[in-house]
Amino acid sequence: MDFNEDDFKNAAEKIANFIVEYDSILKSCPVSNPVKPGDLYNALDAKLPTSGEKSIDILIDKVRKEISPRMVHWSHPQNSAWFPNVSPKILALGAMLENTLNCVGFSWSSSPALTELEQKVMDWLVDIYGLPGHFKFSSKGAGGGCFQGTAGEAVLNACLAARGRFLATHDVDPRKLVAYCSDQAHCSCSRAAQISLMQVRRVETNDQAEMTGELLIKQMEKDVAEGYFPAFVAVTLGTTGLCAFDDLKSIVDVLENQFPSVWIHVDSAYTGPMFVLEENRHYLAGVEKVDSFNTNLSKMGIGGFDSSPMWVKNRFDLTNNFVENPDYLRSHENEINDENVFQVNFRDWTLAFGRKFRAIRVWLAMEWFGVEGIKEHVKNHIRLAEEFEALILQNPKYFELVKERSFGLVCFRLKGGNNEDHDDFVRRAKTQFGLIVTSACWKDRTYLRATFNDFASTSDDVLKVFRKFMDLALHKASLCAWILEFKAVTSLLACRLSKDSSRASEVKARYKTNVAEWM
Ligand code: PLP
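What you see is a predicted model; the values in this text were computed from it and never measured.

Trainee: Explain a nonpolar patch on the surface here, please?
Mentor: Where nonpolar side chains cluster on the molecular surface, the patch consists of F3, F8, L93 and M96 and spans about 400 Å² of accessible area. The residue F3 is located in the segment before α1 (5-27) in this model.

This is how it looks when you write it as structure tokens:
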């Protein structure tokens, strides 16, 4: 039923060829083709694949003709939406290894190599990102880390752990526990709090979109006065909308003094890998006091999707929530000695019982790039954003920055545009150019975001995207000019009819349009 050796090599080569071909497909198609819901579903055969299709060529052709044209191409060189989902080719090879060295790592005994490679990779990442040494297994303390599937899973785990730890030491009404995050935090933080049956407070941020210790404490004190119990806070280093940084140092300091039982989780989904560059590490001040820290290797961490490393200061805070010792594991469980530094059972660190060999994929990528390669990647990503930011600044008639560029993210607005103009820009970017533009809202004003994936994009792509944005802005600008001229003409006609010459000069001075000059 499965491939024989030669057929497998042949088929793998064809898939490899398609992987290479996909890059050239991307160069000649938009980021997003127009698709309607149901397009792909209806295009695929209604009948089940009963006898099986053994021609890999036919199957690849289906991908090429039916599936790929209906995608939003995240790896397109001109995709500037969301945050990058980087996918260097080494990950394609890593995914092959991940599937080949097929195992399920619910315990050390079920998968010793998986468990220990994951520990090794986690320890490496601590050093690569400059995180506290107590997160490492090699520190032989209580700290450690493992992969969660996503940042959302990580914050949920942290929240559940916070609840468990708080209730173990405080005999209070569990309905009165409160979780905090900033009003800029990713929705997964408030979702995690709700799933953990906690109250949620989205703390108002300052004029830099940051949550500070002072703002947080103000909200906590108000809650305490009303009979609630602060139990969890998610601090974001690099928010999704603006890539703003909560003031971690002031938060940990103030909590240590006033609310030492609160679990502090850091969500650094996008920015974690940027800490490979030492000059960025000032944002980490205070990190040695946090309970857990998470980043995503899919965004900038070159490790691919579903690999979100999460470290905890005290693993027992986490595992106490999840430990179960089912009878069917007894004969192959901690048989060497008690669970210890290296003989850990990762099923107790997550909601999922099993885990795949993600660590082999990430390990391969780390070995392949090395620390220098990882630094280079982060620098290139930031450089592309700098180029885009420069283009925005060179065109102040059409665009303005919302906030200074933060790492690889540029947030900007159309000069003089209102919220509807920005929504219209997003719509036209998609219909006219097949470009996805993400917009968000800060202080009730819509803004646009752009960020580039350096494995796919070049400076030329940045320029091409900017030119398209310029076309879209010019359309709006010419519409505005037309409206202004229309207003000028009607006002001047009204002045003429009323023979009010001083008002006419006022109108001319105010509108400064060609038509006003001409009248
Ligand atoms: N946190 C932040 C700051 C994010 O930007 C995102 C997604 O962009 C998330 C969490 C959610 O990530 P995930 O899909 O890994 O749950």
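Trainee: Could you clarify how one ought to interpret the sheet that holds strand β10 (residues 438-442) in this entry?
Mentor: Sheet strands pair via backbone hydrogen bonds, and the direction of the pair is either parallel or antiparallel. The strand order across the open sheet built from four strands is β8-β9-β11-β10, with neighbouring strands paired in antiparallel fashion. The open sheet has two free edges, formed respectively by β8 (399-401) and β10, since each of these has just one partner strand. Pairs of neighbouring strands in the sheet enclose a mean axial angle of 45°, with direction left out of account. In this structure, strand β9 (residues 410-414) lies alongside strand β11 (residues 445-450), joined through three bridges in antiparallel fashion. When the bridges of β11 are listed, V410 appears paired with A450. On top of the sheet, helix α12 (residues 419-433) reaches β9, β10 and β11; it is set at about 30° to β11, its chief contact.

Trainee: Please explain the site of the ligand as it appears in this structure.
Mentor: Taken together, the residues surrounding the ligand are F83, T150, A151, G152, H186, S188, G238, T240, D267, A269, N296 and K299. Between A151 and the ligand, the recorded distance is 2.8 Å, taken from a backbone N or O atom to an oxygen atom. A distance of 2.8 Å is found between an oxygen atom of the ligand and a backbone nitrogen or oxygen belonging to G152. About the coverage of the ligand: the protein hides 85% of its 400 Å² of free accessible area. For the shell around the ligand, the per-class residue count stands at three nonpolar, seven polar and two charged.

Trainee: What is the right way to read the pattern of salt bridges from this model?
Mentor: Two side chains of opposite charge can pair, provided their charged atoms sit close to one another. One pass over the structure, following the stated rule, counts 32 salt bridges. A salt bridge links E66 to R70, with the nearest nitrogen and oxygen atoms 3.1 Å apart. Where D306 meets R358, a salt bridge forms, and the shortest distance between an N and an O atom there is 3.9 Å. Taken together, the residues D306 in the loop between β6 (292-294) and β7 (308-312) and R358 in helix α11 (residues 358-393) connect sequence positions 52 residues apart. Classification of R358 as buried rests on a relative accessible area of 11%. A cluster of three or more residues bridged by salt bridges with shared partners is formed by E98, D306, K356, R358 and R361.

Trainee: Mind showing me how you'd approach α12 here?
Mentor: Residues lying three or four places apart along an α-helix face the same way, a consequence of the helix completing one turn every 3.6 residues. The end-to-end C-alpha separation of α12 is 21 Å, in line with the 21 Å expected for 15 residues at 1.5 Å each. The complete set of buried residues in α12 reads H422, F425, R428 and A429. At the N-terminal end of α12, a side-chain oxygen is found 3.1 Å from the backbone nitrogen of E420, two or three residues along, and the residue is N418. Phi turns positive, to about 65°, at G434, one or two residues after α12.

Trainee: Please clarify how the nonpolar core should be interpreted in this entry.
Mentor: For soluble globular proteins, nonpolar side chains are generally found buried alongside one another. Ranked by internal contacts, the top residues of the largest apolar core, which has 100 residues, are M198, L216, F232, V233, L255, F293 and W311. Looking at this core, the element that brings in the most residues is α11, giving 10 residues. Residue contacts for W311: discarding those within four places in its chain leaves M122, L125, V126, Y129, L131, F135, G144, G145, D291, S292, F293 and T295. One finds V437, V462, F469 and A473 within the second-largest nonpolar core, a separate group that totals 27 residues.

Trainee: Where do I start with unusual backbone geometry in this structure?
Mentor: One can expect most non-glycine residues to show negative phi and most peptide bonds to be in trans. With phi around 65°, A209 is a residue other than glycine that occupies positive phi space. Relative to the assigned elements, A209 resides in the loop between β3 (199-203) and α8 (213-225). The backbone of I302 sits at a positive phi, close to 50°, despite the residue not being glycine. Within the secondary structure, I302 is located in the loop between β6 and β7. A relative accessible area of 0% means that I302 is categorised as buried.

Criteria and cut-off values
Residues numbered from 1 in each chain as written. Predicted model: local features only at pLDDT ≥ 70, side-chain atom pairs only at ≥ 80, totals over all residues. Heavy atoms only, no water. Patch = residues over 30% accessible without salt bridge, like charges linked within 9 Å, V, L, I, M, F, W, Y side chains within 5 Å. Areas by Shrake-Rupley, 256 points an atom, 1.4 Å probe, with all protein chains shown as cover. Salt bridge = Lys/Arg side-chain N within 4 Å of Asp/Glu carboxyl O. Helix = DSSP H or I, 4+ residues; strand = E, 2+ residues; numbered from the N terminus. Pairing = 2+ DSSP bridges. Axes fitted to C-alpha atoms, helices over the stretch in contact; angles between N-to-C directions. Contact = heavy atoms within 4.5 Å. Near = heavy atom within 4 Å. Polar contact = N/O pair within 3.5 Å; in protein donor to acceptor, adjacent residues only side chain to side chain. Nonpolar A, V, L, I, M, F, W, Y, C, P; charged D, E, K, R; others polar. Buried < 20%, exposed > 50% of the residue type's maximum accessible area, 1.4 Å probe, protein only. Expected span 1.5 Å × (residues − 1). Core = buried A, V, L, I, M, F, W, Y, C linked by side-chain atoms within 4.5 Å.

As far as function goes, none of this settles anything; it's purely spatial.
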